[in-house]
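So the chains spell out like this:
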Amino acid sequence: MRVSHWYLFLLILFYIQVRCIANFRDHLVTKTPYRFIENDNVDVGPYPGCEIQKSWMMIRHGSRYPNEEVLDFMQNTLPDLRDDILKFHNESKGHFNEYQLSIFKKWSPLNISMSEEKYLSNEGRIEMERLASRMQLRFGKIMPKHYSNRTYIFKHTPTERALESAKHFAIGLFGESVAKNVTFIKTAKNDPVLRFYKGCKYWEKFVKKNYKTYEQFQLYNGGDEMANALKNISEILGFNEPLLYGIAKLLYKTCAFEQSFWGEDYVSPWCFFLTDESIQALEYSEDLKYYWVDGYGFPITQKLACTVLKDIAQFFFKNSYSSTFQYSHSGTILKILSYFGLYNTDGVLKSNNRDPNRSWRTSYIDSFASNIGFILYRCGDVDKVLVLHQERPVRLPECEEELCPLVTILKARKESLIKCDIKKMCSLLHEEL
């Protein structure tokens, strides 16, 4: 009997842990570890009568350390908050169970110096190596295990996390000893392909720094759903007054960062306060912001990504290399997705129309290590393209089949390509949003 009771107790603890994971792992927005959404299925096609030719990929850097604001909060505020939580629950037996309280007792802040803010974490290194390995299993013909600077191109923005992502992707392809010989090309901060929006004065003034861009975000944060979420979080933590949104957001980010920092089996205690209702409110708040800043909120945001399609076409038509990999950031990924018309089936996202089944969810479309791939095939005398997002085939709005004629993709965006002049679009004299 004692053995069965102990076994039942272990099952209950396991259920609690799994239940916690189920509550938050699908709602961590742009801080989602890629392992939560990666595609382990390496089967592609088959596409009879078609022969693979080239691959072009844009890859967001892998999981990283928090920025200075979040690190400061985690290291200097959370220890006191943890002590307050334990004191409250010891005195009045609050909402946390014994298993959760034991995790709080063991918790200590991440031992990361401020000089390492935003550096690629070990999780990010693993993400890149595993992603590269899977891509090679799918497309080994154009991603051979032997390295040649006449076969591969690696480009990255001038950040540590982008360079380290490129290096570990190379390790996943070639192994550590060969990867040391790979040439990594560092681009300018405002590279017209990897970060085409950086330094764009028009976009910065009329989108990034425009109060209208954040109107729906602020309306939602001041509305009933967020108020209920903050009240709910405060009650679970044992506070008499509702938390400020800014504090709740920092707790939310802590939950996400600790998941990626400690790996697969760890559950951060700062995820325990997130109920289904509160985490979905926090997620939608962030999705609104990214939708209006980096997505479909303003036409100019998508139009700037025309440089990406120009780069893809030039690589396919005029380049002898077989594979190019470019390592960038969240804002680049979302703008590219918007330019190609993906995840735009929800209507305009606003503060009063949250749909839990919406397609624009950054937890899925813009996690750490998010990636977009264009794989060129020759089918008879026709060039066709397989478009991948998060390693899964996606069909562009103009495409009738998974393998889409390249000319169809180019024709659908002919006008944007003709007018693809970054200097003109970014001039403050430009009139059209």
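Structure: see above.
Predicted model only: the values in this text are computed from it and were never measured.

## Details of the overall build of the chain
Link 1 in the chain: In terms of helices and strands, the chain carries 19 helices and eight strands.
Link 2 in the chain: Against the compact-globule benchmark of 22 Å for 433 residues, the chain has a radius of gyration of 23 Å, which places it among compact chains.
Link 3 in the chain: Its C-alpha atoms give the chain principal-axis dimensions of roughly 75 × 55 × 40 Å.
Link 4 in the chain: The proportion of buried residues among the 433 residues of the chain is 55%.
Link 5 in the chain: When the accessible surface of the chain is split by element, carbon and sulfur atoms take 51% of a total near 20,300 Å².
Link 6 in the chain: Between the centroid of the 56 positive side chains of the chain and the centroid of its 52 negative side chains there is a distance of 5 Å.

## Some words on the pattern of salt bridges
Link 1 in the chain: Here the structure, examined in full by the defined rule, presents 18 salt bridges.
Link 2 in the chain: Arginine 378 is paired through a salt bridge with aspartate 383; the nearest N and O atoms lie 2.6 Å apart.
Link 3 in the chain: Three or more residues joined by partner-sharing salt bridges are found here, namely Glu38, Arg130, Arg134, Arg138 and Glu391.

## Side note on the nonpolar core
Link 1 in the chain: Core analysis: the biggest nonpolar cluster contains 137 residues, and Phe139, Phe154, Phe169 and Phe325 have the highest contact counts within it.
Link 2 in the chain: For this core, the element with the highest residue contribution is helix H12 (residues 276-294), accounting for nine residues.
Link 3 in the chain: Apart from residues no more than four positions distant in its own chain, phenylalanine 325 is found in contact with Met57, Ile59, Met143, Tyr152, Ile153, Phe154, Lys155, Phe169 and Leu173.

Rules behind the numbers
- Residues numbered from 1 in each chain as written.
- Predicted model: local features only at pLDDT ≥ 70, side-chain atom pairs only at ≥ 80, totals over all residues.
- Heavy atoms only, no water.
- Helix = DSSP H or I, 4+ residues; strand = E, 2+ residues; numbered from the N terminus.
- Rg over C-alpha atoms; globule rule 2.2 N^0.38 Å.
- Buried < 20%, exposed > 50% of the residue type's maximum accessible area, 1.4 Å probe, protein only.
- Areas by Shrake-Rupley, 256 points an atom, 1.4 Å probe, with all protein chains shown as cover.
- Lys, Arg positive; Asp, Glu negative; His and termini not counted.
- Charge placed at Lys NZ, Arg CZ, Asp CG, Glu CD.
- Salt bridge = Lys/Arg side-chain N within 4 Å of Asp/Glu carboxyl O.
- Core = buried A, V, L, I, M, F, W, Y, C linked by side-chain atoms within 4.5 Å.
- Contact = heavy atoms within 4.5 Å.

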